[in-house]
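One-letter residues, chain by chain:
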Amino acid sequence: MSKAIVVQHTGGPEVMEWTDWPVASPGEGQVAVRQTAIGLNFIDTYQRSGLYPLQTPFVAGNEGAGVVTEVGPGVQDLAVGDRVAYQGQVGAYAEQRLLAADRVVRIPDGVDDQTAAAVMLKGLTAFYLLFKTWPVQSGETILWHAAAGGTGQIATQWAKSLGVRVIGTAGSEEKVALALQHGCQAVINYKTEDFAARVRELTEGRGVDVVYDGVGKATFDKSLDCLRPRGLMVSFGNASGVVSIPDLTVLSRKGSLFVTRPISVHYFPQRRDLLEGAEALFGAIRSGAIKVNIGRTFPLAQAAEAHRALEDRQTTGSVILLP
């Protein structure tokens with residue numbers, strides 16, 4: 001048995017229960033992992049609330065790091081004692097768990113477990129958004145919403161290292177200052193400024209090449225006004241609510257715009273895709289291009305409190321749960 005945060009039925013943070021959860025021996029192609037750090041992400045709240053439906057009961061969480069304690073039959077490239085990290089496998093909020101070995105990567109020397117747990121989901125999201133969804137080029141200008149958040153801080157630093165001009169948004173002066181320290185050349189407080197008008201000023205009327213928006217409903221419509229003709233709107237999250245476009249002609253009226261709603265499963269279908277992203281991510285961390293900011297840590301047993309802080313916009317950078 002392992003202690004874990006179990007969602008017995010969907011709802012608010014109060015539905016998460018700290019309780020015993022069975023852990024079997026690893027089967028074919030699996031490894032057992034004793035977890036040392038667990039990442040907190042908005043997708044965790046979507047699954048807990050039922051926005052992204054999962055069969056209940058389930059152990060919450062999608063990202064973590066730890067040490068391999070046992071390997072199952074058929075596992076060739078991992079061994080007991082290896083430090084590993086993963087993302088995209090539900091069940092992270094636990095002291096111990098099983099993982100599909102082909103979805104696990106080794107943590108390289110020079111990267112500690114908490115950093116690895118903080119960046120796997122957010123960092124691989126930044127990777128596919130910047131290198132695959134729209135391969136950004138030096139000299140381009142992008143707008144990144146929630147630039148002081150965990151994904152935002154990773155992505156804006158990475159984009160800056162590629163020679164991209166980064167404009168960010170944030171919801172307080174404290175978060176504006178933080179975003180300016182992590183890759184943004186300009187940051188707009190969207191609670192006190194019209195961010196679309198300000199983007200037009202900053203780009204001398206041209207607009208940005210790409211908008212990256214994990215906020216969702218609250219920022220989507222105005223974000224279209226920030227784009228240059230034939231620019232790309234990347235909607236990759238729903239922190240403020242789900243986006244809908246009832247009238248597609250709005251895209252033609254605003255400049256023959258493109259819109260996409262990517263998710264990671266379509267960017268990392270094979271192990272080689274996962275390893276490519278992880279190698280690039282850890283390389284950027286080790287080179288200093290990305291400095292990971294762990295804003296808060298919570299004991300794993302207090303995951304409900306961590307969810308409340310995340311949903312109430314009380315966090316900056318990455319948040320870690322510690323078993």
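Everything below is about the structure shown above.
Notes on the structure follow. Since this is a predicted model, take the numbers as computed values, not measurements.

Strand order across the open sheet formed by 3 strands is β2-β1-β4, with antiparallel pairing between neighbours. Of all strands in the sheet, those bounded by a partner on one side alone are β2 (16-21) and β4 (58-59). Where strand β1 (residues 2-7) meets β4, 2 bridges bridge the pair, whose relative direction is antiparallel. Along β4, the bridge assignment pairs V6 with V59.

Core analysis: the largest hydrophobic core is formed by 47 residues, its most contacted members being L130, I142, W144, W158, Y212 and F282. Breaking this core down by element, the ones donating at least two residues are α2 (113-133), β9 (141-144), α3 (150-161), β10 (165-170), α4 (173-180), β12 (208-213), β13 (227-235) and α8 (271-287). No other element matches the 11 residues that α2 contributes to this core. Once residues within four sequence positions are removed from consideration, F282 is found in contact with V105, R106, P108, V111, A116, V119 and M120. V33, Y86, A101 and V319 belong to the second largest nonpolar core, which has 33 residues in total.

This part takes up the pairing of β9. Of the two faces of β9, the one carrying T141 and L143 and the one carrying I142 and W144 are both buried. Here β9 runs beside β10; their pairing, made up of 4 bridges, is parallel. Among the inter-strand pairings, W144 is bridged to a residue of β10, identified as G168. Read as a crossover between parallel neighbours, the route from β9 over α3 to β10 is right-handed. As judged from the 3 bridges shared by β9 and β12, these two strands associate in the parallel manner. What sits directly across from I142, in β12, is V210.

Taken in spatial order, the 6 strands of this open sheet run β11-β10-β9-β12-β13-β14, and their pairing is parallel. Two strands bound the open sheet, and with one partner strand each, they are β11 (186-189) and β14 (258-260). Adjacent strand axes in the sheet meet at a mean angle of 15° when their direction is disregarded. Alignment of β12 against β13, held across 5 bridges, turns out to be parallel. Along β13, the bridge assignment pairs D213 with S235.

What follows covers the pairing of β10. Burial analysis of β10 places 5 of its 6 residues in the buried class, the great majority of the element. Where β10 meets β11, 4 bridges bridge the pair, whose relative direction is parallel. In the strand pairing of β11, T169 is matched with I188.

Bringing α4 into the picture now. Those residues of α4 that fall on the buried side of the exposure criterion are K175, V176, L178 and A179. Along α4, the residues classed as buried sweep out an arc of 165° about the axis, all on the same side. In α4, the exposed residues that point more than 90 degrees away from the buried face are E173 and E174. Of the surrounding secondary structure, the elements contacted by the buried residues of α4 are α3, β10 and β11.

We now examine the packing of aromatic side chains. Applying the stated criterion across every chain yields a total of 10 aromatic pairs. With centroids separated by 6.1 Å and ring planes inclined at 70°, the aromatic side chains of Y128 and F268 adopt a geometry described as edge-to-face. Of the two residues, Y128 is situated in helix α2 and F268 in the loop between β14 and α8; the sequence distance between them amounts to 140 residues. For the pair Y128 and F268, a shared accessibility class is recorded, and that class is buried. Site record: aromatic cluster; members linked through ring pairs are F127, Y128, F131, W158, Y267 and F268.

Definitions and limits used
- Residues numbered from 1 in each chain as written.
- Predicted model: local features only at pLDDT ≥ 70, side-chain atom pairs only at ≥ 80, totals over all residues.
- Heavy atoms only, no water.
- Pairing = 2+ DSSP bridges.
- Helix = DSSP H or I, 4+ residues; strand = E, 2+ residues; numbered from the N terminus.
- Core = buried A, V, L, I, M, F, W, Y, C linked by side-chain atoms within 4.5 Å.
- Buried < 20%, exposed > 50% of the residue type's maximum accessible area, 1.4 Å probe, protein only.
- Contact = heavy atoms within 4.5 Å.
- Right-handed = clockwise from strand over helix to strand, strands pointing away.
- Axes fitted to C-alpha atoms, helices over the stretch in contact; angles between N-to-C directions.
- Arc of directions from axis to C-beta.
- Phe/Tyr/Trp six-rings, centres within 6.5 Å; stacked < 30°, edge-to-face > 60°.

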